[in-house]
Amino acid sequence: MRSRGGSDGWWEHDPDGASPSDPAPGPVEESSKILPTVGALTVGWPRDRPADFSIHFDPPSSIQADRTPRGATRAVAETRVEWTSPGSKPGEFPALGEVVGGFRLVSELGRGAFARVFLAEQPALADRPVALKVSQPLGDEPQALARLQHTHIVPIYSVHDDPATGLRLLCMPYLGGANLAQVLETADTRLPTQATGRSLVEALDLVGGPPLSLDAGLSRLPGSLERAASGRFGHAITRGVGSPTLVRSLLGRRLARLPWWGRIVDDLDDPESPPPEPGQPARQFLHAHTYVQAAVWIAARLAEALEHAHSRGILHRDLKPSNVLIAADGTPMLLDFNLAADVVKPGADDDQELVGGTLPYMAPEHLEAFASQGDSQSEDVDERSDLYALGLILFEMVAGHHPFADPPEALPLIETVRRMIADRRAGAASARISNPRVPRDLDAILRKCLDPDPDRRYADAGELAEDLRRFLDNRPLKFTPEPLSAERLAKWVRRHPEVGSVSTIGGLAATLILGLGVLTWSVADHLEVASAKTHRADFRKAFDECQLALNTTSIPFGRADLEPAIDRADRVLDDYNVNDPGDWTQGALVRRLPKTEARALREEMAELILLRTRAKVLLAERGPDADRRAALNEAIGWLTLAERFDPHPPSALFEERARYHAALGQEKEAGRDQAQAARIRPKTARDFDLIGTALLARGRADAASGPLARAVALDGRRFWSWFALGLCHYDQGRFTEAAADFSVCTALAPEFAWPHLNRGLALAAANRQVEALACYDQALTLAPEFVEALVNRALTCLELNNPAQAIADLDRAEGLGLRNPSVLAARAEALARLGRRAEADDGFTRALRTRPNDPIVLVARGFFRLKTDPNAASADFRRVLSLEPGNARAQLGLAHYLRPTDPGAALVRVDLALKADPNLTDALQLRALVRARLGDPSAEADVDRLARIPTAHNLYNAACALTVLSSTTRDPRSLPRALLMLRRALDLGFPAAALDTDPDLAPLRSRPEWRELRR
C-alpha cells in the first residue's frame, strides 16, 4: 500500500489467536505501512556466467584451470594465452606454396594464437600480392572491417570461408612494412633519449623493406624475395608478431644487408642518410621530427582510427604494438579486429561476447571482466578501455618500457591477473622518470589515458586525438589541464618563433605583456572549467531530488507535494537557460565540460523535462479545462525542446508527446509521434528505463516491470531504475523481490535514506518484521527527522508488541509537523496496548473529528471496541463496509464479532476477507482457529500456509489451531507438531507468559515435552 499525498498511511489490527471462547482480541499482528510516492527509474542483477572453459598459458609452463568469467570465451596474453572449449583441437594451417581458396601462399608474415598471416599471390587478378589472414571461421572480424573505411585501418578486400579446409581466408592489401613492436625493437627504443624519428624510418626499412606502391605485383619485388622470405631469417622476423621483444636490433642489422631487401642501408648511424622521397608524407614527418614527436604522431593517427571505429560501434579490445602496422610508406594502421566487439548491432549471443585480449595491454576493468574479479563486467570494457591500451602503447614508445612490471613467471594465471589488476588500480608512474625529454603536457595526456577510473579518462578517441594534435601543434590542450601556465606561454612562443628574436626593450615589453595576457586568459579559462564542473555537481544533486519528488507513480497527489518539486525543476532548467532563445548546449556551462559529461547532462536534462511535464499535466487534470489544455500545450513545447538537444531522443519522449497531442484532439500529430516512437528500437538501459517509468507513472506496474528488468540487466548501476523496479514488484505483491531491488539501491547509494525505508516496507509486507525494523533504524540513522521512517517504525513496533517505542516515534513525528488521522489512530492503539484506554478512546475521537468516514480509523476503533463494546465495534465495521464493500479488515472485524455466537457466519466473513486480500495472514489465523473449533480438517491446510510465513504470531496461532483440532477430533497426532511450532514461536520472541494462561493450549500442558518447552 502506498501513502496518499506523502503522509497518509494504513494500518492493520490482528488478534493473536486468543481462545475461541474469549471474544477479546489479542495483540496487533500487522500495522500500517507507508510506501513513499517516489519516482520511476531502474537497475538489474548481473547475468549468469557462461560455461567453463580451459586456459593454456605458456611459456614458462602449461597449466589448466577452470574459469567462468562473465562473457569471456577466449583471450590472448603475451606471449601466448590460448583459450579453447574443452576437447577442441586447433585447425590445420596450410603450408607455403599451397593454393588455398584461389591464393598461392608465398611466405608467412606473422602468426598469433588463432591465425596466421601470409604474403600471397592472387592468380585470378594478375598475381597481385595480398596479405592473407588464415584462421578458424570464428568471430565477426570481417563484418567489423567491412564497416571501417579509414586511412589508418588496414582495409579488407574480401573474405572466403573455404569449405575444403574449413578455414576462413581474409584478404587484405599487402602494404609492406612491419608491425610497431618490430619497429620499436629494431630501433632499440629502450633508450628513448637516444632515439630519433629517423630511427623509426630506418628500423622500418630494416624489418619491413622499402616502400612499395599498393598496386605493385610480386613480379616487381626483388627476385629473391620468395626464396628468402620462406627461409629461417624470414621466419625469425615474423615470429615476433605476438611479442614486442622477439626481434633484436642485431638481427635486424644483419638482415638489412641481405640483397632481397631491395635497398641496403649500410650504416644506421650515418647522419647523412637521405630523407624520404617526395610523395611519402608519413615517412617525411617521421624522418624530420624528434622521436617523441614521431611517437605522438603515430598515436594521434591511431586515435583517429579508433574514433572512426568507435563511431561505427566497433571496439578493438586487443590493441598492442604487434597489432599496429607501420606500412612501408610510414603510415600507421590498426590491425587484427579478431576480438572486436559490435556495440551497435549486438547479436543474439551477447551474453557470451568476448572479453579477451592481451593481458599486459588490458585496462584494469578489462582484466577484471576477463578474470571475473571485482565489479567490472563485459559491458564495462568500452571505448575508454581501448584508449587505455593506446595510452600504454604511447607510454611504452616514449618511456622505452611498459609502465607496469611483469608479474613473476611462476605464478598461476589467476594470480598473475590479480597482480596486474592491483598494479593498474594503483596507477602508472610518470613517463618523465624514464625519459626527462617527455614534456609535462604529454605526461598529463598519458596520466589521463592511464587513469584507473574510466570516468576520468578521455571520454572518446576524438578527445584524445584532439589533444595529441594540439601537442604536436604547440597549442594548449583542450581536454587535459596544462600542468603549468608557463608551458602555455612556451607553446605560444614556439608557434611564433619571431618573438624569440626580440632584441629591443619595446619587443621585450610586448613579450611580457603578451605573457601576462596568456596568464590572464589561462586563469579565466580555468575559472570557466571550474564553474562548469560546479554547476554540473549542483545539477546532479537537484536531479536526484527531482526524481524523488516529481514521481507520479502514486495518485492522488496533493498540490502541496508536486508544486514545490516542479518549482525546483524550473530553477534547475533556468540555471542552464534551457528555455531561453539560442542553443543552451553551447554555453560555457556545457561547452567546458568533458564530452561524456556534457552528453550525460543533455540526457538527464531531457529526463528532467519528462518528469516535470508529466507532473504538471497530472496537476492540471484536476483543474478547469482551460488550465488542462494550457498544461498540455506547454508540455508539448517542452518535449519538443528536449527532442532537439537530447543526443538520442528515446521512444518514451515521443509516446508521451503523442498522448498529449491525443488529449488535445490533435490526431495527426499524435499519429506522427506514435509512428516515430515505433521506429525507435530500445537498445540502451536508458531507453528501457524511460519506457518502464512512463508505464509505471500511468499505474501499469505489470507492463513496466519487463522494460525495467531489461534496463537493470543492461546497466546494473542505475539507482533509479532499481528503485522503480522495486515499486513495480511491490505493487505486484512480489515483496521479497521488491526487498531485493531496494537492497541493491542501498548498496548503490548507502547514504540515501529512502531505499532503506522502502526495503523495510517490502520486508514488513513479507511478514519479516524484525528485518524491517532494522531497515527503519538505518533510515533514521541517516535522516533522524525522516517522518515516514518514524511512522513505519512505530507501526512495526506495534506489531512486535512494543507500544511504548511506537508512541515515542509517533509523538516525535507529530512534533515534526505530521498531522494525520491514521497516525492518531495508531497512537490510540498503542495507548490501548499499554492499558491507557481513556487516552486511546480520546485519540480515536480526535482522529474521526478530522475525518469522520476514514475507513482506516473506523476499522481501528472497531477492533479497539470489540472487547468492551462489541455492538459499537460491529457498527464501525458495517459503516466501513457501506463505504467500501471490499474492505478486508472490516470483514475480519465482523468475523471476530460473530465468532463467539455464530462460528459458521464468522467463517463466511473470514472467507470474504481472504477473497479481498489473500495475503491477510491474521484472517488466515482466525480461519484456522474457527475451523479447528468446528473440527474441520481443512484447518491443517491453513496451518500449512501459516507455517510458510514463520512469524512468531503465525506460528503461535498455528500451534493453537492444531491443539484445538486435536481436542475436537480426539486425535493427538498433531500435538508434536504443535509443540514444535510453539518452540519456534518462542525462539522468535513470542512472550512465554501467554503459554501458561491460554486455554487453547491446555491439552499440551500435561505432556512431558511441556516442561522442556517452558525451560
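Residues numbered from 1 in each chain as written. Predicted model: local features only at pLDDT ≥ 70, side-chain atom pairs only at ≥ 80, totals over all residues. Heavy atoms only, no water.

1. A few points about the overall build of the chain
Move 1: For the chain, the count of helices and strands is 42 helices and 13 strands.
Move 2: The proportion of buried residues among the 1015 residues of the chain is 54%.
Move 3: Within the chain, counting contacts between residues at least 6 apart in sequence, those at least 24 apart form 64% of the total.
Move 4: When the accessible surface of the chain is split by element, carbon and sulfur atoms take 53% of a total near 42700 Å². (Helix = DSSP H or I, 4+ residues; strand = E, 2+ residues; numbered from the N terminus. Buried < 20%, exposed > 50% of the residue type's maximum accessible area, 1.4 Å probe, protein only. Contact = heavy atoms within 4.5 Å. Areas by Shrake-Rupley, 256 points an atom, 1.4 Å probe, with all protein chains shown as cover.)

2. Some details on the nonpolar core
In globular proteins that are soluble, nonpolar side chains generally tend to be buried together.
Move 1: Phe723, Phe786, Tyr956, Leu982, Leu995 and Leu1004 are the most contacted members of the largest nonpolar core, which totals 118 residues.
Move 2: No other element matches helix α38 (residues 952–969), which puts 10 residues into this core.
Move 3: In this structure, Leu204, Ala305, Leu392 and Tyr458 belong to the second largest nonpolar core, which totals 66 residues. (Core = buried A, V, L, I, M, F, W, Y, C linked by side-chain atoms within 4.5 Å.)

3. Side note on the sheet that holds strand β11 (residues 324–326)
Move 1: Across the sheet, 3 strands lie side by side as β9-β11-β12; this open sheet has antiparallel pairing. Here the strands that pair on one side only, and so sit at the sheet edges, are β9 (178–179) and β12 (332–334).
Move 2: By the bridge criterion, 3 bridges tie β11 to β12 in an arrangement that is antiparallel. Residue pairing for β12: Leu325 is matched across the bridge by Met333.
Move 3: This element, helix α8 (residues 291–311), spans β11 and β12 of the sheet and lies at about 35 degrees to β12. (Pairing = 2+ DSSP bridges. Axes fitted to C-alpha atoms, helices over the stretch in contact; angles between N-to-C directions.)

4. With respect to the environment of Lys668
Move 1: Along the chain, Lys668 falls in helix α21 (residues 667–679).
Move 2: When its relative accessible area of 72% is taken as the criterion, Lys668 is described as exposed.
Move 3: With 10 residues separating them along the chain, Lys668 and Ala658 place their C-alpha atoms 9.5 Å apart.

5. Thoughts on the pairing of strand β7 (residues 158–162)
Move 1: Relative to strand β8 (residues 167–173), β7 is paired through 5 bridges, and the arrangement is antiparallel. In the sheet register, Asp161 faces β8, and the bridge partner there is Arg168.
Move 2: In textbook terms, the turn of a hairpin is the stretch between consecutive antiparallel strands, and for β7 and β8 this stretch comprises 4 residues, one of which, Gly166, has a positive phi near 75 degrees.

6. Thoughts on the packing of aromatic side chains
Move 1: The full count for this structure, using the stated rule, is 16 aromatic pairs.
Move 2: Note on Phe844 and Phe864: the rings are 5.2 Å apart at their centroids and 40 degrees apart in plane angle, and the pair reads as tilted. Taken together, the positions of Phe844 in helix α31 (residues 837–850) and Phe864 in helix α32 (residues 855–865) put the pair 20 residues apart, joining distant regions of the chain.
Move 3: For Phe864, a relative accessible area of 8% puts it in the buried group.
Move 4: Following the ring pairs from residue to residue traces out a cluster consisting of Phe539, Phe543, Tyr576, Trp584 and Phe645.
Move 5: A cation sits over an aromatic face here: Arg128 above Tyr157, 4.1 Å from the ring centre. (Phe/Tyr/Trp six-rings, centres within 6.5 Å; stacked < 30°, edge-to-face > 60°. Lys NZ or Arg CZ within 6 Å of the ring centre and 35° of its normal.)

7. What about the pairing of strand β4 (residues 103–111)?
Move 1: Bridge count between strand β3 (residues 99–100) and β4: 2 bridges; the pairing is antiparallel. Looking across to β4, one finds that Val100 is bridged to Phe103.
Move 2: Between β3 and β4, which pair antiparallel one after the other, the connecting turn spans 2 residues, and Gly101 there sits at a positive phi close to 60 degrees.
Move 3: Sheet analysis places β4 next to strand β5 (residues 115–122), joined by 6 bridges and oriented antiparallel. Of the residues in β5, the one forming a bridge with Arg104 is Glu121.

8. Structural notes on the pattern of salt bridges
Move 1: As enumerated under the stated definition, the model contains 57 salt bridges in all.
Move 2: Across the pair Arg384 and Asp455 runs a salt bridge, and its minimum N-O distance is 2.6 Å. With Arg384 in helix α10 (residues 383–399) and Asp455 in the loop between α12 (440–449) and α13 (461–472), the pair connects residues that are 71 residues apart, well separated along the chain.
Move 3: Between Arg983 and Asp987 there is a salt bridge whose closest N-O contact spans 3.8 Å. Remark: Asp987 and Arg983 occur in helix α39 (residues 975–987); sequence separation between them is 4 residues, near one turn of the helix.
Move 4: Judged by its relative accessible area of 28%, Arg983 is partly exposed. (Salt bridge = Lys/Arg side-chain N within 4 Å of Asp/Glu carboxyl O.)

9. Considering the side chain of Asp998
Move 1: Take Asp998: it is sitting in the loop between α40 (993–997) and α41 (1002–1005).
Move 2: Summary of buried charges: Asp998 has no salt-bridge partner, and the nearest side chain of opposite charge, Arg1005, is 5.8 Å away.
Move 3: Within the local environment of Asp998, its side chain forms a polar contact with the side chain of Tyr956, the two groups lying 2.6 Å apart. (Lys, Arg positive; Asp, Glu negative; His and termini not counted. Polar contact = N/O pair within 3.5 Å; in protein donor to acceptor, adjacent residues only side chain to side chain.)

10. Let's talk about unusual backbone geometry
Move 1: The phi dihedral of Ala126 falls on the positive side, at around 55 degrees, and the residue is not glycine.
Move 2: On the secondary structure map, Ala126 appears in the loop between β5 and β6 (128–135).

11. What to know about the environment of Leu748
Move 1: Assignment of secondary structure puts Leu748 in helix α25 (residues 735–748).
Move 2: On a C-alpha basis, the gap between Leu748 and Phe719 in space is 6.3 Å, while along the polypeptide they are 29 residues apart.

12. Details of α21
For an α-helix the count is 3.6 residues per turn, leaving residues at separations of three or four pointing the same way.
Move 1: Taking 1.5 Å per residue as the helical rise, α21 with its 13 residues ought to reach 18 Å, and the 18 Å between its terminal C-alpha atoms agrees with that figure.
Move 2: Ala670, Asp673 and Ala677 are the residues of α21 that are buried. Relative to the axis of α21, the buried residues are bounded by an arc of 65 degrees and lie together on one face. Looking at α21, the residues exposed on the side facing more than 90 degrees away from the buried face are Glu667, Lys668, Ala678 and Arg679.
Move 3: Where the residues of α21 are buried, they touch α20 (651–663). (Expected span 1.5 Å × (residues − 1). Arc of directions from axis to C-beta.)

13. With respect to the sheet that holds β8
Move 1: With antiparallel pairing, 6 strands are arranged side by side in an open sheet as β3-β4-β5-β6-β8-β7. The sheet is open, and its two edges are formed by β3 and β7, each paired on a single side.

14. Some points on a negative patch on the surface
Move 1: Where like charges cluster on the molecular surface, the negative patch consists of Asp538, Asp574, Asp575 and Asp580.
Move 2: Along the chain, Asp580 turns up in the loop between α16 (559–575) and α17 (588–591).
Move 3: We classify Asp580 as partly exposed; its relative accessible area is 42%. (Patch = residues over 30% accessible without salt bridge, like charges linked within 9 Å, V, L, I, M, F, W, Y side chains within 5 Å. Charge placed at Lys NZ, Arg CZ, Asp CG, Glu CD.)

15. Notes on the packing of α20 against α21
Move 1: Interhelical geometry of α20 versus α21 gives an angle of 165 degrees and a closest axis separation of 8 Å. Between α20 and α21, the interaxial angle falls into the category roughly antiparallel. As α20 runs across α21, the sense of the crossing is left-handed. Only Glu667, Glu669, Ala670, Arg672, Asp673, Gln674, Gln676 and Ala677 of α21 make contact with α20, whose side of the interface consists of Ser651, Phe654, Glu655, Arg657, Ala658, His661 and Ala662.
Move 2: For the contact of α20 with α21, a count of residues per class yields 5 nonpolar, 4 polar and 6 charged. (Parallel < 35°, antiparallel > 145°, perpendicular 65-115°, else oblique. Left-handed = near helix turned anticlockwise from the far one by under 90°. Nonpolar A, V, L, I, M, F, W, Y, C, P; charged D, E, K, R; others polar.)

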